[in-house]
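Take a look at the letters that make up each chain.
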Amino acid sequence: MKVDNIHLAGIGTYVPRTVPMKEAVRQGWVDSTAAEESGITAVAVESELPAVDMAVIAAAQAVERSGHRPEDFVALLHSGAYHQGPEGWSAPHYVLNRTLSRPLVATEVRHGCLSVLTSMRLAVGLLATTPGSEAVLITAADNFSTPLVDRWQDSEHAMYADSAAALVVSTRPGFARLLAVGSRSEPSLEEMHRGGESLLPPARHPDRPMYVAPRLRAWAERPGATPADMITAVSRFGDLVAETAEQTLAEAGVGWDSITRVAHIGFNEDPLHAMILDPLEVSAKLGTWEYLRTIGHASVSDLVLGLEHLWETGQVTEGDHVLLVGATEGMEAGCAVVQITAPPPQRG
Amino acid sequence: MMTNAPALTPEEIKQAVGAVLSIAPETIDDDANLAQLGLQSIQLMRLSGRWRRSGLQVDFATLAVDPTVRSWARHLGPERDGPATD
């Protein structure tokens, strides 16, 4: 969807200390072959702050940078790919109470690693349909420090990092203009991540870790499966990524030759190429691999971490266009095109 | 792309695939569907990545279209076509 008169006025992140891959191998958390093949050099791990507290920190930075007052905001959209506390409790209101502290709608956007892009899309709609509103606060965070998640070995495609990110989407100019945002899904691929797990009673495994990989394997081995099903699914997903990027670039009125950099998800090196970079015909150098490989897959934050890093280090500057690319189970791929409109912040 | 670029022979491809599948390379038929021989998606990603890092112009999608040694040799050999286009 093409976007007019909407800006990113503030950006904030929280990245905890990182655990070097060598350390993880030495501790026996991951085997050395998998570690080497991943290309990941370190993974961010937060052992003390819950996800919502990391979100509060990122949000404070974004709001301050935006120059907006709490009264300017119409909503808070909060996300996490994993649980952030007990059932029947509102993480968004925890964050709202400790940030804007206003009587706003505060809701969760549950879209896996696409959550922030989808939150941006929803923010555009909220601002367009709420007279007098100027800003939406988007927050996102995950903390996988629980015995029920094996961040090093759960997935063959990624190592899960703890992180938080925040954006202020605004009708007032900021550090970037949002030109287009959108996503496309291939719902026939929904079954992949269900992997034969129970829908009734809803599958819960309090006694053992999450393990996405076995579910994907279960899907690949389901009755009637053919051996190449997973390979075909990955190819179809790559097509989805390429189509979504073409559509979003066209909506933005921006050609590939105007894209300075690409901020994408923090997958391991080979899955990153197979699923995102190669379908886009984009090299790792154009993306954020060199940065994200030092953090791991920061679930809901990858795209914001990448965008902030590119901007703060001067790798993109005023006039440059950045393509944001995300994905989630379902499967769905999403993109946004932003144009940087301010120089990097001065370092104090 | 000039001829100094690296290339793989069918035998080298069979060696790489055989190592991944833990089967003898000589048992891999040129036209055997490698997925049917047990090649997993993540293994195909790793092969593609390894070959890309060695300087070959290859991607997952090209190898996935027709996962046979014969097809891969066309894309990876000295007289190769380059990445598949649709």
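Right above here is the structure, for reference.
The text that follows walks through the structure, step by step, so that each part is easy to find. In this text, all values refer to a predicted model and were calculated from it rather than measured experimentally.

Definitions and cut-offs
Every chain is numbered on its own, with residues counted from 1 as its sequence reads. Written order decides the labels, with chains lettered from A and ligands numbered from 1. A pLDDT threshold of at least 70 governs which residues receive local features in this predicted model, and a stricter bar of 80 or more applies before side-chain atom pairs are shown or counted, although totals over entire chains, interfaces and linings include all residues. As a rule here, side-chain values cover all heavy atoms of the structure and leave hydrogens and water aside. Between rings of Phe, Tyr and Trp, where Trp is taken as its six-membered ring, a pair exists when centres lie within 6.5 Å; planes separated by under 30 degrees are stacked, by over 60 edge-to-face, and by other angles tilted. Helix and strand definitions here come from DSSP, where helices need a minimum of 4 consecutive H or I residues and strands a minimum of 2 consecutive E residues; each element is numbered from the N-terminal end. Residue exposure (1.4 Å probe, protein chains only): buried if accessible area is under 20% of the type maximum, exposed if over 50%, otherwise partly exposed. Here a strand pair is declared whenever DSSP counts at least two bridges between the two strands. In this analysis, two residues are considered to be in contact whenever any of their non-hydrogen atoms come within 4.5 Å of each other. Buried area is understood as the total, over both parts, of accessible area removed when two parts are fitted together, assessed with a 1.4 Å probe. Just to be clear on terms, a salt bridge is a Lys or Arg side-chain nitrogen sitting within 4 Å of an Asp or Glu carboxyl oxygen. Any N or O atom pair separated by 3.5 Å or less is treated as a polar contact, with the protein-specific requirement of one donor-capable and one acceptor-capable atom, and with residues adjacent in sequence counted only for side-chain atom pairs. Orientation is described by lines fitted to C-alpha atoms, with helices fitted over the stretch in contact, and by angles between N-to-C directions that extend from 0 to 180 degrees.

Residues and elements named next belong to chain A. Taken as a whole, this structure holds six aromatic pairs over all chains when the rule is applied. Look at Trp29 and Trp152: their rings are 5.9 Å apart centre to centre, the planes differ by 25°, and that puts the pair in the stacked class. Residue Trp29 is located in the loop between α1 (21–26) and α2 (32–38), and its partner Trp152 is located in the loop between β6 (135–142) and β7 (163–170); the two are separated by 123 residues in the primary sequence. Given the relative accessible area of 35%, Trp29 is considered partly exposed. According to the relative accessible area criterion, Trp152 is buried, its value standing at 8%.

All names here are of chain A. Across the eight residues of β7, eight count as buried, placing the element largely inside the fold. With burial as the criterion, each face of β7 is covered, one bearing Ser163, Ala165, Leu167 and Val169 and the other bearing Ala164, Ala166, Val168 and Ser170. Both strand β1 (residues 7–14) and β7 contribute to a ladder of seven bridges, which runs antiparallel. By the bridge assignment for β7, Gly10 is matched with Val168. The pairing of β6 with β7 spans eight bridges and is antiparallel. Residue pairing for β7: Ala141 is matched across the bridge by Ala164.

Taken residue by residue, the interface counts 16 residues in chain A and 16 residues in chain B. Of the roughly 1400 Å² buried at the junction of chain A and chain B (both faces included), carbon and sulfur atoms supply 63%. Considering only the surface of chain A that becomes buried against chain B, Pro227, Ile231 and Asp270 of chain A emerge as the three largest contributors, covering 38% of it. The tally of links from chain A across to chain B stands at four salt bridges. Residues Glu37 of chain A and Arg46 of chain B are paired through a salt bridge, measuring 3.0 Å at the closest nitrogen-oxygen approach. Scanning the region where chain A abuts chain B turns up four residue pairs in polar contact (both at pLDDT 80 or more). Among the elements that take part in the side of chain A that touches chain B, helix α9 (residues 269–280) of chain A stands out by supplying seven residues, more than any other.

Turning to the sheet that holds strand β8 (residues 176–185) of chain A, a few remarks are in order. All names here are of chain A. Read from one edge to the other, the open sheet built from nine strands follows the order β5-β4-β6-β7-β1-β8-β11-β10-β9, with strand pairing classed as mixed. Strands with a single pairing partner mark the edges of an open sheet, and in this sheet they are β5 (105–108) and β9 (259–263). Along the sheet, successive strands turn relative to each other by an average axial angle of 25°, direction set aside. Pairing between β1 and β8: two bridges, direction antiparallel. Considered in β8, the bridge of His7 is made with Arg177. Where helix α5 (residues 115–129) meets the sheet, it contacts β1, β4 (73–79), β6, β7, β8, β10 (321–328) and β11 (332–340), and its direction lies at approximately 165° from that of β4.

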